[in-house]
Amino acid sequence: MNTQIKHLAIQSDIWDKLYGFYSELFHMTSFNPDNQGAVTDGNIGLNFNQRSPGRQAGLDHWGFDVDDLDAVKVRLGESYPSVELLQRPPTRPYATLGSHDTDGNYFDLSTKKQTNRTGVYAEQEVVERRPRHIDHVVLRTMHASELAKFYMDVYELSWAKEPTGGPTYHLTDGTTTFVITQWRINDFEGGGIARPALDHIGFRVESLETFEKDLEALKEERPQFAPKAWRASDEQEARLGLLRKCEYGTFQLWDPQGVLIDVSEAK
């Protein structure tokens with residue numbers, strides 16, 4: 001079964017600023033010139049969902065594209081009967097069903113058979129992955145080793161690198177790295193504690209030097225789209241230090257909503 005990470009979703013009250021940030025700095029483009037609620041790197045769509053009451057702002061969930069939903073249902077029924085599937089409204093071109101893993105992390109499921117798919121969601125393969133693109137996504141969760149097995153059993157993700165016994169597991173859909181790492185409260189010592197959830201997005205860029213120059217230009221020329229200044233404090237430095245531990249990133253920043261990002265240069 002072919003499974004691909006096809007979208008990430010951010011809950012936000014400032015979707016227009018997110019659109020400006022990701023389109024200006026990462027050269028992501030809109031699916032529709034009249035709709036600034038989503039952008040793409042040519043492979044993965046990044047959706048800016050208008051935050052409604054009761055929803056927390058920030059990086060919220062991801063979406064898998066699968067070619068065989070029936071196989072998913074059989075595997076869940078046989079090995080993971082506690083995992084549920086929920087039919088999603090037909091207005092979403094990127095989500096047929098909602099589901100979750102055994103730790104309760106929520107994600108969307110879409111299929112190539114879905115008739116209302118548009119843009120990058122309608123493509124079966126990567127069409128034009130841009131020089132600046134999403135390279136990895138990191139999930140902090142309570143039972144990392146069990147979840148690595150879950151995503152391999154049900155969705156047939158494979159090892160991006162062989163496991164070494166934890167606490168971090170590296171899977172891949174063949175294009176994007178899905179990092180599952182153990183959530184531990186002691187990892188947040190000295191910093192603000194974040195709940196188990198998606199942790200950050202990782203990008204590859206063609207030149208880190210050029211990217212950093214573009215970031216400075218954005219701050220000067222389009223400050224409304226630039227990340228807000230991170231007020232210096234020991235607590236915030238501790239949280240940033242945890243982000244720096246991701247082996248895939250060499251430069252760290254955040255978007256106007258505060259979603260954490262790391263960036264590395266293409267090899």
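Residues numbered from 1 in each chain as written. Predicted model: local features only at pLDDT ≥ 70, side-chain atom pairs only at ≥ 80, totals over all residues. Heavy atoms only, no water.

Bridge count for strand 2 (residues 29-32) against strand 3 (residues 35-40) is 3 bridges, and the pairing is antiparallel. What sits directly across from Thr29, in strand 3, is Thr40. Relative to strand 4 (residues 45-50), strand 3 runs antiparallel, the two sharing 3 bridges. Residue pairing for strand 4: Val39 is matched across the bridge by Leu46. (Pairing = 2+ DSSP bridges. Helix = DSSP H or I, 4+ residues; strand = E, 2+ residues; numbered from the N terminus.)

Turning to its location among the elements, Asp16 is positioned in helix 1 (residues 15-26). Each C-alpha atom, one on Asp16 and one on Gln224, is 9.8 Å from the other, the two residues being 208 residues apart in sequence.

Attention now goes to the sheet that holds strand 8 (residues 106-111). Read from one edge to the other, the open sheet built from 8 strands follows the order 2-3-4-1-5-8-7-6, with strand pairing classed as mixed. Taken across any chain shown, the strands that pair with only one partner, and hence form the sheet edges, are strand 2 and strand 6 (86-87). With 5 bridges connecting them, strand 5 (residues 58-66) and strand 8 associate as parallel partners. Within strand 8, the position partnered with Gly63 by the bridge is Asp108. Each of strand 1 (3-12), strand 2, strand 3 and strand 4 is contacted by helix 1, which is oriented at about 160° to strand 4, the strand it contacts most. (Contact = heavy atoms within 4.5 Å. Axes fitted to C-alpha atoms, helices over the stretch in contact; angles between N-to-C directions.)

Counting residues in each nonpolar core, the largest one holds 55 residues, and the members touching the most others are Tyr22, Phe26, Tyr151, Tyr155, Phe178 and Val263. Not counting residues up to four positions away in its chain, the partners in contact with Tyr151 are Trp62, Phe64, Asp101, Phe107, Glu156, Leu157, Leu171, Phe178 and Ile180. (Core = buried A, V, L, I, M, F, W, Y, C linked by side-chain atoms within 4.5 Å. Buried < 20%, exposed > 50% of the residue type's maximum accessible area, 1.4 Å probe, protein only.)

The 7 strands are arranged 10-11-12-9-13-15-14 in an open sheet whose pairing can be described as mixed. Of all the strands in the sheet, the pair left with one neighbour each is strand 10 (158-159) and strand 14 (251-254). Two elements, strand 9 (residues 133-141) and strand 13 (residues 197-205), share 7 bridges in a ladder whose sense is antiparallel. Within strand 13, the position partnered with Val138 by the bridge is His200.

Next up on the list: the packing of aromatic side chains. Evaluation of the coordinates by the stated rule reveals 25 aromatic pairs. Judged by centre distance (5.9 Å) and plane angle (65°), the rings of Phe21 and Phe26 are edge-to-face. Considered together, Phe21 and Phe26 belong to a single accessibility category, that of buried residues. Both rings, one in Phe107 and one in Tyr155, keep their centres 5.7 Å apart while their planes meet at 85°; by these two values the pair is edge-to-face. In this pair, Phe107 is assigned in strand 8 and Tyr155 in helix 3 (residues 144-155), connecting sequence segments 48 residues apart. Each member of the pair, Phe107 as well as Tyr155, is classed as buried. An aromatic cluster is defined as three or more aromatic residues linked by ring pairs; in this entry it consists of Trp62, Phe64, Tyr80, Phe107, Phe150, Tyr151, Tyr155 and Phe178. (Phe/Tyr/Trp six-rings, centres within 6.5 Å; stacked < 30°, edge-to-face > 60°.)

What describes two packed helices is the angle between their axes and the distance between those same axes. In contact at an axis separation of 10 Å, helix 1 and helix 4 (residues 208-221) are set at 140° when each is read in the N-to-C sense. Taken together, helix 1 and helix 4 sit at an angle that is classed as oblique. Judged by the sense of rotation from one axis to the other, the crossing of helix 1 with helix 4 is right-handed. Residues Phe21, Glu24, Leu25 and Phe26 of helix 1 touch helix 4, and the partners they reach there are Phe211, Asp214, Leu215 and Leu218. Of the residues contributing to the contact of helix 1 with helix 4, the split by class is 6 nonpolar, no polar and 2 charged. (Parallel < 35°, antiparallel > 145°, perpendicular 65-115°, else oblique. Left-handed = near helix turned anticlockwise from the far one by under 90°. Nonpolar A, V, L, I, M, F, W, Y, C, P; charged D, E, K, R; others polar.)

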